[in-house]
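# Descriptive structure summary
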Amino acid sequence: MSVMRFVGINSREAMRQVRAALGDEALILANRHTEQGVEILAMAESVAAESSAEAVTPPATELRQQSPAAPVHQDPAQAFETMSARLLEEMRAMLARERSQAEPADTLSERLILTMREAGFGQALADEVVATLPEELAAGSTLDDRALSWLTRQLVKRLGSLDDEAGFMDRTGIIALIGPTGVGKTTTTAKLTARYVMRHGTRPVALVTTDSFRIGAHEQLRIYSRLLDVPMYALNADQPVSELLGRMKGKSWIIIDTVGMSQRDQRVIEQVRHLHGGDSPVRLVLLLNAASQPETLEEVVVRYRQAAQAAGGELHDCIISKQDEAGRLAPVLDIIMRHGLRLLFVSHGQRVPEDMSLADPAALIEQSFAERVPLTAPLARPVTEPVARGTGSLLGQGRRLATLLRTLRQHLPGFDRLEEVWNLPGLPVSIQQQRLDSLLAEYPHSGQALGMLWSERRRVAGEAWSMPDVALSPEGIWLALPLLQHRQVAGQQARLEAALEQCEIGVHLLNGLPDGEAGAWLEDQALSWCSQVRGSQRVEHAAERSSLAMLGAVGEPVGEVRCRFRGVPGRLELATLPVGSMLKGNRRESLDARAWFGEVRDEESGRILAKRYWLTPARLGRGPQPLLLALLQAEVLPQLARRAWRHLDPGAFGELRADVRLLMASGLATVAAHLDIAEDEGAMDLRAELLGLGGGRRRRRDVALLESLVQLFMVRDSIRHLGLGERETG
């Protein structure tokens with residue numbers, strides 16, 4: 001490269017460097033002031049003359065293509081200016097490439113973004129995904145299997161798909177495949193029809209074509225109809241589907257192969273309008289050619305969605321075609337994710353029906369990463385791609401909210417019921433009561449809960465309500481929607497019996513000792529239970545009565561477990577001791593039990609944060625440690641519920657029953673507490689998403705999670721009230 005760059009603290013110093021390198025005849029191409037001083041781009045005059053001559057005299061082939069009126073020669077000054085601008089741009093591009101290659105990514109976030117870009121994903125999606133990197137991973141810088149696994153999970157959950165083929169094939173109605181010319185609509189129509197016939201036979205299905213423009217288009221689909229033994233009907237492009245329905249009585253699954261149109265063709269809107277012009281709703285499915293350029297795919301999705309909206313319809317579903325012809329899969333997946341489309345099938349050949357498969361998000365993401373190509377140029381954002389600045393993009397935020405809510409439903413049992421409770425505010429109070437009764441009538445349903453965390457039977461400090469009880473799933477996860485105390489039967493034993501009869505609850509976590517009848521019943525039923533008690537609780541040990549606090553020093557150490565105590569990481573050091581009878585009030589109750597002593601220490605400083613005491617039946621041996629931990633970590637629930645309660649101003653909700661408000665608040669508290677203490681990958685991902693939604697963690701983690709959940713639901717409700725709410729597609 002003959003262009004050279006010189007930087008000096010001032011113009012004189014920069015020009016001195018130019019003369020020293022190129023002589024007095026050097027040509028100055030550009031100069032500007034920078035933070036370092038003055039920058040000059042210059043080149044030798046002899047090189048400039050050669051380049052100028054090339055610019056003034058076009059090649060012979062170019063001369064022959066010029067119109068007679070076009071001048072053969074160009075103004076020399078203009079030619080030199082054009083040449084200089086081109087060289088300057090090339091110089092800057094070269095410097096950018098060198099800088100990109102010389103400065104490799106040094107943080108995990110940068111490495112993850114680079115990985116996505118090398119696979120073919122766009123910068124907007126990469127920024128959006130990496131913005132939710134969990135703090136557990138962000139502390140490192142190595143792109144290891146754990147980080148790649150996290151990245152894959154984020155992309156998989158953003159790629160909507162069918163759970164199984166029945167979700168598409170067993171749903172009756174009219175389906176129309178739409179998209180530009182040449183994307184494979186006719187072949188895909190045949191593939192879908194063949195798969196349907198394999199499941200349901202030929203009788204309920206019919207084929208329809210609107211393609212009267214292409215020579216032989218009818219004949220191609222007619223061949224498939226004969227092979228599949230299903231009837232085919234022709235429909236003019238301006239003819240509503242309803243005009244054919246009378247001739248297709250008894251057909252419950254009708255698929256339409258539409259005429260291909262460029263996304264820029266104004267008739268696209270008319271085509272979609274005619275599909276929706278009849279009395280029967282038509283489900284639109286957009287075909288996306290995996291071999292198309294990203295800019296083209298972006299335009300196809302935007303224009304066809306606009307056409308669907310203009311025609312009074314919606315476009316949610318898509319199918320990838322010609323995967324076998326695509327160099328990389330990531331660009332089309334990127335567009336599907338950014339626009340929130342649901343991917344139904346992927347077509348990868350001409351064979352009917354073999355060369356089409358149900359979309360498998362995990363396999364598709366894995367394939368896209370297998371197609372990575374090292375970047376040789378600086379990362380550039382496509383002109384057509386929406387610019388996303390972290391969490392500031394409204395479109396990106398909408399996608400994140402929808403994905404986050406969907407993931408919460410999948411990860412947390414009972415979250416869908418909590419959402420239903422949040423739908424009640426603003427309705428007339430009588431309707432709130434009816435719907436709440438119906439919602440809670442069979443909750444938790446049989447098999448949904450294995451244990452119960454029974455809250456204290458007294459009001460939360462400073463409030464007029466008691467903390468609801470919380471059910472635990474068979475996996476030990478707190479159900480997102482708690483159970484109001486005042487809706488349960490009176491009497492401890494009666495509540496325990498009802499829990500066993502209605503929900504098959506076999507594990508009970510108690511605050512305080514069970515009363516005499518309840519304790520005897522628990523032993524008769526041989527159920528597991530654990531009571532958190534005070535240090536002043538008196539028990540019998542070695543034929544003497546002592547308080548648990550006094551006996552702690554003689555307990556047998558059994559090790560320590562990691563825990564979270566009121567939003568901070570800690571270690572729970574445990575000791576145990578067998579005990580006999582105990583005093584409850586003035587009554588002496590005989591019970592073969594085991595006492596547990598816990599000391600909670602700060603994980604970093606080792607400082608003692610709290611001391612706790614528990615009693616369990618002796619028959620459980622040393623197995624109930626998870627029960628002790630659950631009771632310890634549940635202590636935070638009343639505090640979080642109170643904080644959430646105060647966030648939910650009734651004035652912002654219209655009519656709001658107190659019990660509905662309490663369920664909303666305690667439900668958010670339960671979700672926040674669970675996500676704070678859980679250590680599985682799903683919880684880690686959700687924590688990162690929520691903390692990112694709230695702008696990061698600036699206080700205790702459980703409190704930050706709670707406030708992010710409040711924000712999430714408030715935004716969800718605002719969108720619903722605007723009539724733009726999350727649309728569920730079956």
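Notes on the structure follow.

Reading guide: rules and limits
Residues numbered from 1 in each chain as written. Predicted model: local features only at pLDDT ≥ 70, side-chain atom pairs only at ≥ 80, totals over all residues. Heavy atoms only, no water. Salt bridge = Lys/Arg side-chain N within 4 Å of Asp/Glu carboxyl O. Helix = DSSP H or I, 4+ residues; strand = E, 2+ residues; numbered from the N terminus. Buried < 20%, exposed > 50% of the residue type's maximum accessible area, 1.4 Å probe, protein only. Pairing = 2+ DSSP bridges. Core = buried A, V, L, I, M, F, W, Y, C linked by side-chain atoms within 4.5 Å. Axes fitted to C-alpha atoms, helices over the stretch in contact; angles between N-to-C directions. Parallel < 35°, antiparallel > 145°, perpendicular 65-115°, else oblique. Contact = heavy atoms within 4.5 Å. Nonpolar A, V, L, I, M, F, W, Y, C, P; charged D, E, K, R; others polar. Left-handed = near helix turned anticlockwise from the far one by under 90°. Polar contact = N/O pair within 3.5 Å; in protein donor to acceptor, adjacent residues only side chain to side chain. 1 Å grid on protein atoms, 1.4 Å probe; cavity = no way out; pocket = protein on both sides within 12 Å on 5 of 7 lines; lining within 4 Å. Points joined across faces, edges and corners; volume = space filled by probe spheres on them. Expected span 1.5 Å × (residues − 1).

## A word on the pattern of salt bridges
Going through the model one piece at a time under the given rule, you end up with 37 salt bridges. Residues aspartate 317 and arginine 283 are paired through a salt bridge, measuring 3.1 Å at the closest nitrogen-oxygen approach. Taken together, the residues aspartate 317 in strand E10 (residues 317-321) and arginine 283 in strand E9 (residues 282-289) connect sequence positions 34 residues apart. For the residue pair aspartate 317 and arginine 283, the accessibility class agrees, reading buried in each case. The closest approach of N and O atoms between arginine 601 and glutamate 573, which form a salt bridge, is 3.4 Å. Remark: glutamate 573 occurs in strand E20 (residues 568-579) and arginine 601 occurs in strand E23 (residues 593-602); sequence separation between them is 28 residues. Linked by salt bridges that have partners in common, Glu128, Lys157, Arg158 and Glu689 make up one network.

## Overview of the pairing of strand E24 (residues 608-617)
Taking burial as the measure, the 10 residues of E24 include seven buried ones, the bulk of the element. Pairing between E23 and E24: nine bridges, direction antiparallel. Its bridge partner being in E24, arginine 601 is matched across the sheet by isoleucine 608. Here E23 folds back onto E24 in antiparallel fashion, the turn holding five residues, of which glycine 606 has a positive phi close to 80°.

## Structural notes on the nonpolar core
Within the largest apolar cluster, 108 residues are counted, with the highest numbers of intra-cluster contacts made by Leu408, Phe415, Leu418, Leu509, Trp614 and Leu712. For this core, the element with the most residues is helix H25 (residues 658-677), which contributes 11 residues. In this structure, Leu125, Leu155, Ala176 and Leu284 belong to the second largest nonpolar core, which totals 56 residues.

## Examining the packing of helix H19 (residues 429-440) against H25
Where H19 contacts H25, the two axes come as close as 10 Å, and the packing angle between them is 45°. Between H19 and H25, the angle is such that the two are oblique. Contacts from Gln432, Leu436 and Leu440 in H19 reach Asp659, Val660 and Leu663 in H25. Considered class by class, the residues forming the contact of H19 with H25 number four nonpolar, one polar and one charged.

## Brief notes about the packing of helix H6 (residues 123-130) against helix H8 (residues 145-158)
Between H6 and H8, whose axes approach to 11 Å, the crossing angle comes to 115°. Considering their axes alone, H6 and H8 lie roughly perpendicular with respect to each other. In this structure, the crossing between H6 and H8 has a hand that is right-handed. Across from Leu125, Glu128, Val129 and Val130 in H6, the residues of H8 making contact are Trp150, Leu151, Gln154, Leu155 and Arg158. Grouping the constituent residues of the contact of H6 with H8 by class yields six nonpolar, one polar and two charged.

## Brief notes about the environment of glutamate 689
Locating glutamate 689 in the fold gives a position in helix H26 (residues 681-693). Sequence separation between glutamate 689 and arginine 400 is 289 residues; the distance between their C-alpha atoms is 8.2 Å. Those residues within four positions of glutamate 689 in sequence are excluded, and the remaining contacts are Thr132, Gln154, Lys157, Arg158, Arg400 and Leu404.

## Things to note about the pairing of strand E18 (residues 544-547)
Bridge count between strand E17 (residues 538-541) and E18: four bridges; the pairing is antiparallel. Following the sheet pairing, glutamate 540 is matched in E18 by arginine 545. Remark: two residues form the turn of the hairpin made by E17 and E18, two consecutive strands paired antiparallel; alanine 542 in that turn has positive phi of roughly 55°.

## Quick notes on the side chain of serine 321
The residue serine 321 is located in strand E10 in this model. Side-chain polar atoms of serine 321 contact the backbone oxygen of valine 183, separated by 2.6 Å. In this structure serine 321 touches Val183, Leu287, Leu288, Asn289, Ala290 and Ser347, once residues within four positions along its chain are discounted.

## As for the layout of surface pockets
As a volume, the second largest pocket reaches approximately 930 Å³. Elements represented by at least two residues in the lining of the second largest pocket include exactly helix H7 (135-138), strand E13 (451-454), strand E15 (507-511), strand E19 (556-565), helix H23 (625-633), H25 and H26. The biggest single contributor to the lining of the second largest pocket is H23, with five residues. The residue inventory of the lining of the second largest pocket, partitioned by class, reads 17 nonpolar, six polar and 14 charged.

## Regarding the environment of arginine 305
Note on placement: arginine 305 falls in helix H14 (residues 294-310). It is 9.8 Å that separates the C-alpha atoms of arginine 305 and histidine 339, two residues lying 34 residues apart in sequence. For arginine 305, the contacting residues outside a window of four places in its chain are Leu315, His316, His339, Gly340 and Leu341.

## Let's talk about H8
Note on helix geometry: an α-helix contains 3.6 residues per turn, so any two residues three or four positions apart are oriented the same way. An ideal rise of 1.5 Å per residue puts 20 Å on 14 residues; H8 measures up with 20 Å between its terminal C-alpha atoms. Where H8 is concerned, the buried positions are Ala147, Trp150, Leu151, Gln154, Leu155, Lys157 and Arg158.

## Points about empty space enclosed by the protein
A complete count under the given rule lists three cavities of 30 Å³ or more for this structure. Put simply, the largest cavity is a space of about 50 Å³. Residue lining of the largest cavity: Arg564, Phe565, Arg566, Gly567, Gln633, Val636, Ala673, Asp676, Ile677 and Asp702, and that is the complete set. If you list the elements that add at least two residues to the lining of the largest cavity, you get E19 and H25. The dominant element in the lining of the largest cavity, judged by the number of residues it contributes, is H25, at three residues.

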